[in-house]
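Given next are the chains, with one letter for each unit.
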Amino acid sequence: MAETNDRSGFARATLAPREGMTAPVPQRRPRPTLTMKDMAMDHGEMGHAAMGHSGMDHSKMNHGAKAKTASAEMDHAAMGHGAMDHSKMGHDTMAPAPKGPQRHDHPKGPGVVGLAMNPVNRLHEPPAGLEDVGHRVLVYTDLKSLHRVPDPRPPEREMELHLTSNMERYMWSFDGERFAEVREPIVFHYGERLRLRLVNDTMMPHPIHLHGMFFELVTDAPPAHRPRKHTVVVKPGEKMAVDITADEPGDWVFHCHLLYHMHAGMMRIVSVRGAV
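Described below are features of the structure shown in this document.

Parameters and conventions
- Residues numbered from 1 in each chain as written.
- Predicted model: local features only at pLDDT ≥ 70, side-chain atom pairs only at ≥ 80, totals over all residues.
- Heavy atoms only, no water.
- Helix = DSSP H or I, 4+ residues; strand = E, 2+ residues; numbered from the N terminus.
- Buried < 20%, exposed > 50% of the residue type's maximum accessible area, 1.4 Å probe, protein only.
- Contact = heavy atoms within 4.5 Å.
- Areas by Shrake-Rupley, 256 points an atom, 1.4 Å probe, with all protein chains shown as cover.
- Core = buried A, V, L, I, M, F, W, Y, C linked by side-chain atoms within 4.5 Å.
- Polar contact = N/O pair within 3.5 Å; in protein donor to acceptor, adjacent residues only side chain to side chain.
- Patch = residues over 30% accessible without salt bridge, like charges linked within 9 Å, V, L, I, M, F, W, Y side chains within 5 Å.
- Salt bridge = Lys/Arg side-chain N within 4 Å of Asp/Glu carboxyl O.

Moving on to the overall build of the chain. Along its length, the chain carries three helices and 15 strands. The buried share among the 276 residues of the chain stands at 43%. If you take every contact in the chain between residues at least 6 apart in sequence, the share linking residues at least 24 apart comes to 74%. Accessible area of the chain: about 14,700 Å², with a carbon and sulfur share of 55%.

In C-alpha coordinates, the structure reads:
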(Lines give C-alpha, C1' and ligand atoms only; values in the text may rest on other atoms or scores of the structure.)
Protein backbone atom coordinates (compact mmCIF):
# COMPACT_ATOMS: atom_id res chain seq x y z
CA MET A 1 0.00 0.00 0.00
CA ALA A 2 1.22 3.50 -0.83
CA GLU A 3 -0.93 6.37 0.46
CA THR A 4 -0.97 10.09 -0.17
CA ASN A 5 0.04 12.53 2.56
CA ASP A 6 -3.54 13.70 3.06
CA ARG A 7 -4.93 10.13 2.79
CA SER A 8 -7.14 11.16 -0.13
CA GLY A 9 -6.03 8.16 -2.17
CA PHE A 10 -3.73 5.16 -2.33
CA ALA A 11 -2.09 2.72 -4.69
CA ARG A 12 -2.09 -1.04 -4.10
CA ALA A 13 0.06 -3.79 -5.50
CA THR A 14 -0.25 -7.51 -4.76
CA LEU A 15 2.56 -10.05 -4.66
CA ALA A 16 1.01 -13.53 -4.81
CA PRO A 17 1.83 -17.09 -5.97
CA ARG A 18 -0.82 -17.02 -8.69
CA GLU A 19 -2.73 -14.54 -10.78
CA GLY A 20 -5.98 -13.20 -9.43
CA MET A 21 -5.13 -13.40 -5.73
CA THR A 22 -5.66 -10.14 -3.82
CA ALA A 23 -5.56 -9.13 -0.19
CA PRO A 24 -8.29 -7.11 1.50
CA VAL A 25 -7.88 -3.36 1.22
CA PRO A 26 -7.29 -1.95 4.72
CA GLN A 27 -9.40 0.92 6.00
CA ARG A 28 -8.06 4.30 4.99
CA ARG A 29 -6.21 5.90 7.88
CA PRO A 30 -7.24 9.29 9.29
CA ARG A 31 -5.87 12.39 7.63
CA PRO A 32 -2.90 13.66 9.67
CA THR A 33 -3.16 17.10 11.21
CA LEU A 34 -0.10 19.31 11.21
CA THR A 35 0.64 21.46 14.25
CA MET A 36 2.59 24.57 15.17
CA LYS A 37 5.63 22.30 15.47
CA ASP A 38 5.45 21.75 11.70
CA MET A 39 5.70 25.52 11.33
CA ALA A 40 8.82 25.45 13.56
CA MET A 41 7.33 27.93 16.00
CA ASP A 42 8.30 28.05 19.68
CA HIS A 43 5.25 29.20 21.62
CA GLY A 44 7.25 29.41 24.82
CA GLU A 45 9.53 32.14 23.50
CA MET A 46 7.39 34.05 21.01
CA GLY A 47 5.03 36.85 22.05
CA HIS A 48 1.75 36.17 20.28
CA ALA A 49 0.21 39.51 21.18
CA ALA A 50 3.02 41.22 19.29
CA MET A 51 2.47 38.90 16.35
CA GLY A 52 -1.22 39.73 16.07
CA HIS A 53 -2.38 36.28 17.23
CA SER A 54 -4.02 37.25 20.50
CA GLY A 55 -7.43 36.48 19.07
CA MET A 56 -6.57 33.11 17.51
CA ASP A 57 -7.78 29.85 19.03
CA HIS A 58 -5.00 27.45 17.99
CA SER A 59 -6.88 24.48 19.40
CA LYS A 60 -9.33 24.85 16.52
CA MET A 61 -6.76 25.24 13.77
CA ASN A 62 -6.61 22.40 11.27
CA HIS A 63 -3.41 22.38 9.25
CA GLY A 64 -4.11 19.36 7.04
CA ALA A 65 -1.24 17.98 5.00
CA LYS A 66 -2.67 19.47 1.79
CA ALA A 67 -4.31 22.58 3.24
CA LYS A 68 -3.71 25.91 1.53
CA THR A 69 -0.77 27.11 3.49
CA ALA A 70 -0.29 30.70 2.41
CA SER A 71 -2.71 31.48 5.24
CA ALA A 72 -1.53 28.61 7.45
CA GLU A 73 2.16 29.36 7.09
CA MET A 74 3.08 32.67 8.68
CA ASP A 75 5.25 35.26 7.00
CA HIS A 76 7.95 35.90 9.56
CA ALA A 77 10.01 38.13 7.26
CA ALA A 78 9.13 41.18 9.34
CA MET A 79 9.72 39.55 12.72
CA GLY A 80 13.44 40.17 13.04
CA HIS A 81 15.97 37.34 13.08
CA GLY A 82 18.45 37.70 15.89
CA ALA A 83 22.00 36.99 14.85
CA MET A 84 23.40 33.52 15.57
CA ASP A 85 27.09 32.70 15.45
CA HIS A 86 27.06 29.41 13.51
CA SER A 87 30.80 29.00 14.00
CA LYS A 88 30.09 28.26 17.68
CA MET A 89 27.32 25.74 17.09
CA GLY A 90 27.92 22.15 18.16
CA HIS A 91 28.37 19.61 15.39
CA ASP A 92 25.92 17.09 16.90
CA THR A 93 22.50 18.04 15.55
CA MET A 94 20.82 15.73 18.07
CA ALA A 95 21.96 18.11 20.85
CA PRO A 96 19.54 20.85 22.05
CA ALA A 97 19.20 23.64 19.52
CA PRO A 98 20.87 26.96 20.38
CA LYS A 99 18.60 29.60 21.88
CA GLY A 100 17.39 32.35 19.63
CA PRO A 101 15.57 32.39 16.29
CA GLN A 102 16.84 30.69 13.16
CA ARG A 103 18.71 32.97 10.75
CA HIS A 104 17.41 33.35 7.20
CA ASP A 105 20.22 34.89 5.16
CA HIS A 106 18.55 34.28 1.82
CA PRO A 107 16.17 36.14 -0.52
CA LYS A 108 12.53 36.47 0.57
CA GLY A 109 9.81 37.75 -1.75
CA PRO A 110 6.54 36.18 -2.99
CA GLY A 111 8.13 32.73 -3.38
CA VAL A 112 8.99 32.49 0.31
CA VAL A 113 5.90 32.32 2.52
CA GLY A 114 6.72 31.10 6.03
CA LEU A 115 10.11 30.96 7.69
CA ALA A 116 11.08 28.34 10.27
CA MET A 117 11.83 30.38 13.39
CA ASN A 118 12.75 27.49 15.69
CA PRO A 119 13.43 24.38 13.56
CA VAL A 120 14.45 21.23 15.42
CA ASN A 121 16.02 17.90 14.54
CA ARG A 122 13.26 15.36 13.81
CA LEU A 123 15.21 12.35 12.56
CA HIS A 124 13.97 10.36 15.57
CA GLU A 125 10.28 11.04 14.78
CA PRO A 126 7.97 8.92 12.62
CA PRO A 127 6.31 10.59 9.61
CA ALA A 128 3.06 12.52 9.97
CA GLY A 129 0.12 10.26 10.73
CA LEU A 130 2.30 7.38 11.95
CA GLU A 131 2.93 8.63 15.48
CA ASP A 132 0.29 6.48 17.23
CA VAL A 133 -0.09 3.41 15.01
CA GLY A 134 -0.06 -0.02 16.60
CA HIS A 135 3.02 -1.28 14.80
CA ARG A 136 6.67 -0.35 14.77
CA VAL A 137 7.66 2.50 12.46
CA LEU A 138 11.27 2.62 11.35
CA VAL A 139 12.89 6.05 11.83
CA TYR A 140 16.27 7.39 10.73
CA THR A 141 17.83 7.11 14.19
CA ASP A 142 17.19 3.34 14.12
CA LEU A 143 19.72 3.04 11.29
CA LYS A 144 23.43 2.35 11.64
CA SER A 145 25.98 1.43 8.99
CA LEU A 146 26.99 -2.22 9.31
CA HIS A 147 30.46 -1.39 8.02
CA ARG A 148 32.68 1.57 8.81
CA VAL A 149 31.97 4.55 6.59
CA PRO A 150 34.79 5.21 4.11
CA ASP A 151 35.61 8.65 5.55
CA PRO A 152 34.77 9.24 9.24
CA ARG A 153 36.71 12.54 9.44
CA PRO A 154 34.95 15.43 11.18
CA PRO A 155 33.77 18.17 8.80
CA GLU A 156 36.19 20.94 7.86
CA ARG A 157 33.47 23.32 6.68
CA GLU A 158 29.75 23.90 7.22
CA MET A 159 27.07 25.13 4.86
CA GLU A 160 23.35 25.80 5.42
CA LEU A 161 20.63 25.48 2.80
CA HIS A 162 16.94 26.31 3.25
CA LEU A 163 14.00 24.56 1.62
CA THR A 164 11.62 27.40 0.73
CA SER A 165 8.22 27.77 -0.86
CA ASN A 166 4.94 29.54 -1.39
CA MET A 167 2.81 26.42 -1.18
CA GLU A 168 -0.46 28.05 -2.21
CA ARG A 169 1.07 29.48 -5.39
CA TYR A 170 3.09 26.30 -5.95
CA MET A 171 6.49 27.98 -5.89
CA TRP A 172 9.38 25.79 -4.69
CA SER A 173 13.03 26.70 -4.24
CA PHE A 174 16.26 26.43 -2.29
CA ASP A 175 17.28 29.55 -0.34
CA GLY A 176 14.41 31.52 -1.87
CA GLU A 177 15.59 31.11 -5.46
CA ARG A 178 14.10 28.71 -7.96
CA PHE A 179 16.49 26.88 -10.27
CA ALA A 180 15.83 29.18 -13.26
CA GLU A 181 16.98 32.19 -11.21
CA VAL A 182 20.23 30.71 -9.86
CA ARG A 183 23.42 31.89 -11.53
CA GLU A 184 26.11 30.02 -9.59
CA PRO A 185 26.36 26.39 -8.42
CA ILE A 186 26.88 25.22 -4.86
CA VAL A 187 30.66 24.67 -4.72
CA PHE A 188 32.24 21.70 -2.94
CA HIS A 189 36.05 21.48 -2.89
CA TYR A 190 37.40 18.14 -4.06
CA GLY A 191 38.45 15.94 -1.16
CA GLU A 192 36.94 18.11 1.56
CA ARG A 193 34.71 16.87 4.36
CA LEU A 194 31.62 19.08 4.50
CA ARG A 195 28.64 19.35 6.85
CA LEU A 196 25.48 20.45 5.05
CA ARG A 197 22.64 21.65 7.28
CA LEU A 198 19.15 21.53 5.75
CA VAL A 199 16.37 23.76 7.13
CA ASN A 200 12.83 23.05 5.96
CA ASP A 201 10.88 26.33 5.98
CA THR A 202 7.86 24.65 4.36
CA MET A 203 5.01 22.65 5.90
CA MET A 204 5.66 19.63 3.71
CA PRO A 205 8.24 16.82 3.88
CA HIS A 206 10.82 16.83 1.07
CA PRO A 207 12.99 13.88 -0.03
CA ILE A 208 16.26 15.66 -0.82
CA HIS A 209 18.57 13.78 -3.19
CA LEU A 210 22.23 14.35 -4.07
CA HIS A 211 23.58 12.79 -7.26
CA GLY A 212 27.10 11.42 -7.48
CA MET A 213 27.96 11.08 -3.78
CA PHE A 214 26.68 9.39 -0.64
CA PHE A 215 26.37 11.24 2.65
CA GLU A 216 26.07 10.25 6.30
CA LEU A 217 23.13 11.38 8.41
CA VAL A 218 24.33 13.15 11.55
CA THR A 219 22.68 11.17 14.34
CA ASP A 220 23.76 9.92 17.76
CA ALA A 221 25.27 6.83 16.11
CA PRO A 222 29.09 6.61 16.29
CA PRO A 223 30.52 8.77 13.45
CA ALA A 224 32.15 5.73 11.83
CA HIS A 225 28.79 3.94 11.65
CA ARG A 226 26.30 6.66 10.83
CA PRO A 227 23.72 5.67 8.18
CA ARG A 228 24.83 6.29 4.59
CA LYS A 229 22.21 7.69 2.23
CA HIS A 230 21.88 9.61 -1.01
CA THR A 231 18.31 10.75 -0.22
CA VAL A 232 16.84 11.99 3.06
CA VAL A 233 13.29 13.10 3.86
CA VAL A 234 13.40 16.46 5.65
CA LYS A 235 10.25 16.89 7.75
CA PRO A 236 8.31 20.17 8.06
CA GLY A 237 10.00 22.59 10.41
CA GLU A 238 13.10 20.40 10.66
CA LYS A 239 16.76 21.31 10.81
CA MET A 240 19.06 18.36 10.24
CA ALA A 241 22.55 17.73 8.89
CA VAL A 242 24.49 15.39 6.65
CA ASP A 243 28.26 14.93 6.28
CA ILE A 244 29.62 14.66 2.74
CA THR A 245 33.02 13.76 1.33
CA ALA A 246 33.40 15.60 -1.99
CA ASP A 247 35.12 12.72 -3.80
CA GLU A 248 33.47 12.92 -7.24
CA PRO A 249 34.62 15.87 -9.39
CA GLY A 250 32.17 17.47 -11.77
CA ASP A 251 28.67 18.92 -11.71
CA TRP A 252 25.89 17.03 -9.91
CA VAL A 253 22.16 17.57 -9.54
CA PHE A 254 20.83 18.28 -6.04
CA HIS A 255 17.04 18.36 -5.83
CA CYS A 256 13.78 17.45 -4.16
CA HIS A 257 12.78 13.99 -5.35
CA LEU A 258 9.15 15.01 -5.62
CA LEU A 259 9.82 15.65 -9.26
CA TYR A 260 7.04 18.20 -9.66
CA HIS A 261 8.78 20.23 -6.92
CA MET A 262 12.06 19.88 -8.78
CA HIS A 263 10.51 21.08 -12.04
CA ALA A 264 8.92 24.02 -10.20
CA GLY A 265 12.35 25.13 -8.95
CA MET A 266 13.57 23.12 -5.95
CA MET A 267 16.84 22.10 -7.61
CA ARG A 268 20.46 23.25 -7.63
CA ILE A 269 23.74 22.15 -9.19
CA VAL A 270 26.57 21.00 -6.90
CA SER A 271 29.96 21.56 -8.52
CA VAL A 272 32.89 19.58 -7.03
CA ARG A 273 35.99 21.56 -7.95
CA GLY A 274 39.72 21.20 -7.41
CA ALA A 275 41.04 21.46 -3.87
CA VAL A 276 41.67 24.98 -2.58
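For the rest of this paragraph, the subject is the nonpolar core. One finds Phe 188, Leu 198, Ile 208 and Phe 254 to be the most contacted residues of the largest nonpolar core, which totals 35 residues. With residues up to four places along the chain from it excluded, the contact list for Leu 198 reads Leu 161, Leu 163, Ile 208, Val 232, Val 234, Glu 238, Lys 239, Met 240 and Phe 254.

Bringing the side chain of His 255 into the picture now. Along the chain, the position of His 255 falls in strand E14 (residues 250–256). For His 255, the side chain forms a polar contact with the side chain of His 211, separated by 3.2 Å. Among residues more than four places away in sequence, those in contact with His 255 are Phe 174, Pro 207, Ile 208, His 209, His 211, Met 262, Met 266 and Met 267.

Glancing now at a nonpolar patch on the surface. A contiguous nonpolar patch, built from Met 1, Phe 10 and Val 25 and spanning about 290 Å² of accessible area, is present on the exposed surface. Inspection of the secondary structure assignment puts Phe 10 in strand E2 (residues 10–11). Its relative accessible area of 39% is what places Phe 10 among the partly exposed residues.

Read these as layout, nothing more, since geometry by itself doesn't imply function.
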